[in-house]
Amino acid sequence: MRIGIVGGGINGLCCAWVLAQAGHEVDLYERNTLASQTSRASSKLLHGGLRYLEQYEFRLVREALKERDAWLQRVPELTSPLRLVLPIYQGSQRHRWLVGAGLFLYEHLAGKSILPPAQWLTAETLLQRDPQLKAEGLLGGYAFSDGQMDDHRLALWVADQARLAGANLHEHSEVSAIDTQGHVHIAGSSYFHDRVINVGGPWAVTLLEQSGIPSPYRLDTVRGSHLVLERECQQAYLLEVPDERRIFFVLPWQGRTLVGTTEVRQQVHEPIECSVAERDYLLAAYNHYTTAPLSVANINSTFAGMRPLLYSAADPRKATREYALDRQRKLLNVFGGKWTTALALAHKVQQQLL
Ligand SMILES: Cc1cc2nc3c(=O)[nH]c(=O)nc-3n(C[C@H](O)[C@H](O)[C@H](O)COP(=O)(O)OP(=O)(O)OC[C@H]3O[C@@H](n4cnc5c(N)ncnc54)[C@H](O)[C@@H]3O)c2cc1C
């Protein structure tokens, strides 16, 4: 079959790879350069998403954990196992037993994982490992495993695999409209395909709207920002934002430290940038846990991305991370989809195309 794919983020690239490997004639259209949007603004984690267990997203977490291990094994040069620590303090929103039960379930869902199991560490051990960690009220913490990746380079690696399998990847090709008959409109020309996949990430619904096609799903476009701090942290952490139930990450990243993220609803056409309020929020959260607080001058840079979440809750922090597929004759629309699960999503797309 001749297949047109709109969107060259990780989800579109994985679709191109899987479908070209299956012998289809694939053309992918990306209006910018490949993997230049949400897929390179992530927290760089290959993970199941421990916190999604609190929203009972067991199917998604199980799938993501399997995919996490598969990416780590498939592309070791661009991925690595990561040991994170979740410290428990007096007055933490989550008690030790709750975190322990969550990690037990997390590892159960992962099945036979290649990564080492979680372990309780005393406060003394944590402070020996990281003397700058705030000691006051520290009861200890859990060390647990996930994966880390170079999201941009890994997505470009997928693009190379897709090309090797025969896919044509067209950059700077903005699709102005699609229809359910297999047409893709670019710069005044119309291209026919046996199937079209709309995998435009946060812009998937916008493309349907401008094409006059009703969408069964609404997307919740939620910005997430990161700080890149100059110095590298000694330990990767999953931490509670002070006085909130939200969690944030502190992660070593290419000799620096990533601190993120935020969850701010925004309109799809607004600039995707870390605001001053988000910067101050993340810096204050980071400083709460360190004996060596940093100032704005210690921030090397910031970046932000827009999550394409299925609209499911008034509060974006409670929005589901699940994805959904919608078939309308020759058109298949993809809504949502995590980085980690992109290849699993692509296999589902393949099944739905026939
Ligand atoms: C702050 C943040 C942190 C995250 N952290 C993680 C993480 O650690 N781990 C994880 O697994 N997931 C993470 N995610 C989620 C993950 O990054 C995204 O779900 C994923 O990258 C979405 O990929 P995508 O291909 O669907 O979208 P995108 O990467 O946005 O790709 C969509 C592409 O479609 C193109 N496009 C849109 N409309 C058109 C058109 N009309 N014509 C041509 N091209 C078009 C866009 O230019 C874009 O390149 C994070 C997300 C955010 C925002």
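Each remark here, short or long, concerns the structure printed above.
Description of the structure in this document. Quick caveat: nothing in here was measured; it's all calculated off a predicted structure.

What counts, and where the lines are drawn
Residues numbered from 1 in each chain as written. Predicted model: local features only at pLDDT ≥ 70, side-chain atom pairs only at ≥ 80, totals over all residues. Heavy atoms only, no water. Helix = DSSP H or I, 4+ residues; strand = E, 2+ residues; numbered from the N terminus. Expected span 1.5 Å × (residues − 1). Buried < 20%, exposed > 50% of the residue type's maximum accessible area, 1.4 Å probe, protein only. Contact = heavy atoms within 4.5 Å. Near = heavy atom within 4 Å. Polar contact = N/O pair within 3.5 Å; in protein donor to acceptor, adjacent residues only side chain to side chain. Areas by Shrake-Rupley, 256 points an atom, 1.4 Å probe, with all protein chains shown as cover. Core = buried A, V, L, I, M, F, W, Y, C linked by side-chain atoms within 4.5 Å. Disulfide = S-S within 2.5 Å. Arc of directions from axis to C-beta. Pairing = 2+ DSSP bridges. Right-handed = clockwise from strand over helix to strand, strands pointing away. Lys, Arg positive; Asp, Glu negative; His and termini not counted. Salt bridge = Lys/Arg side-chain N within 4 Å of Asp/Glu carboxyl O.

A look at helix α3 (residues 96-110)
Note that an α-helix has 3.6 residues per turn; residues three or four places apart therefore point the same way. Compared with an ideal rise of 1.5 Å per residue, which puts 15 residues at 21 Å, α3 spans 21 Å between its outermost C-alpha atoms and is within 8% of the ideal. Within the sequence span of α3, burial applies to Val-99, Gly-100, Gly-102, Leu-103, Tyr-106, Leu-109 and Ala-110. Tucked inside the fold, the buried residues of α3 contact α2 (58-74), β4 (79-89) and β6 (138-149). Once α3 ends, the next one or two residues include Gly-111, with phi positive near 70°.

Regarding the site of the ligand
Near the ligand, the surroundings consist of 38 residues, among which Glu-30, Thr-38, Ser-39, Gly-337 and Thr-340 are the closest. Within the side chain of Ser-39, one N or O atom sits 2.5 Å away from an oxygen atom of the ligand. At 3.0 Å, a backbone N or O of Val-175 approaches a nitrogen atom of the ligand. Taken by itself the ligand offers 1,000 Å² of open surface, and the protein chains cover 98% of this. Contributing elements (two or more residues each) for the shell around the ligand: α1 (10-21), β12 (219-229) and β17 (299-310).

Comments concerning unusual backbone geometry
A cis geometry characterises the amide bond from Gly-260 onward to Thr-261, with omega recorded as 5°. By the secondary structure assignment, Thr-261 is in the loop between β15 (256-260) and β16 (264-265). For Lys-44, which is not glycine, the phi dihedral falls at a positive 65°. For Lys-44, the position within the fold is in the loop between β2 (25-29) and β3 (45-46). Of note, Tyr-56 is a non-glycine position whose phi angle comes to about 60°, a positive value. Position of Tyr-56 among the secondary structure elements: in the loop between β3 and α2. A relative accessible area of 64% means that Tyr-56 is categorised as exposed.

A few points about the nonpolar core
Counting 44 residues, the largest nonpolar core has Ile-5, Leu-13, Trp-71, Ile-197 and Val-349 as the members making the most contacts within it. Looking at this core, the elements with two or more residues in it are β1 (2-6), α1, β2, α2, α5 (151-164), β19 (331-335) and α8 (342-352). The element that contributes the greatest number of residues to this core is α1, accounting for 9 residues. Residues contacting Val-349, with those up to four places away along its chain left out, are Cys-15, Ile-197, Leu-325, Leu-332 and Val-334.

Some points on the state of the cysteines
Tallying each qualifying case throughout the model produces 0 disulfides. Cys-14 takes part in no disulfide bond, and the closest cysteine sulfur to it belongs to Cys-15, at a distance of 7.3 Å. On the accessibility criterion, Cys-14 (0% relative accessible area) is buried. The thiol of Cys-233 is not disulfide-bonded; the next cysteine sulfur, from Cys-274, is found 18 Å away. Look at Cys-233 and you get buried, because its relative accessible area is 15%.

Observations concerning helix α6 (residues 204-211)
All buried positions along α6 are accounted for by Ala-204, Val-205, Leu-207, Leu-208 and Ser-211. Buried residues in α6, looked at end-on, bunch into an arc of 160°, giving them a common side. Next to the buried residues of α6 lie β1, β8 (175-178), β11 (195-198), β12 and β19. Gly-212 lies just past α6 and shows a positive phi near 70°.

Side note on the pairing of β2
Burial analysis of β2 places 4 of its 5 residues in the buried class, which makes it a mostly covered element. Bridge count between β1 and β2: 5 bridges; the pairing is parallel. Its bridge partner lying in β2, Gly-4 is registered against Asp-27. Crossover handedness for the path β1 to α1 to β2: right-handed. In this sheet, strand β7 (residues 168-170) lies alongside β2 in parallel orientation, the contact comprising 3 bridges. Bridge assignment links Tyr-29 to a residue of β7, and that residue is His-170.

Some points on the pairing of β19
β19 sits mainly inside the fold: 5 of its 5 residues count as buried. Residues Leu-331, Asn-333 and Phe-335 of β19 are buried on one face, and the alternating residues Leu-332 and Val-334, pointing to the opposite face, are buried as well. Two elements, β11 and β19, share 3 bridges in a ladder whose sense is parallel. Bridge assignment links Val-196 to a residue of β19, and that residue is Leu-331. Relative to β19, strand β18 (residues 324-328) runs antiparallel, the two sharing 5 bridges. Residue pairing in the sheet places Arg-327 in a bridge with Leu-332 of β19. A loop of 2 residues connects β18 with β19, the two strands running antiparallel in sequence, and Arg-329 in this loop sits at a positive phi of about 50°.

What about the side chain of Asp-27?
Take Asp-27: it is sitting in strand β2. Buried Asp-27, no salt bridge; nearest opposite-charge side chain is Arg-2, N-O distance 5.1 Å. Ignoring any residue separated from it by four or fewer positions in sequence, one finds Asp-27 in contact with Ile-3, Gly-4, Ile-5, Asn-168, His-170 and His-193.

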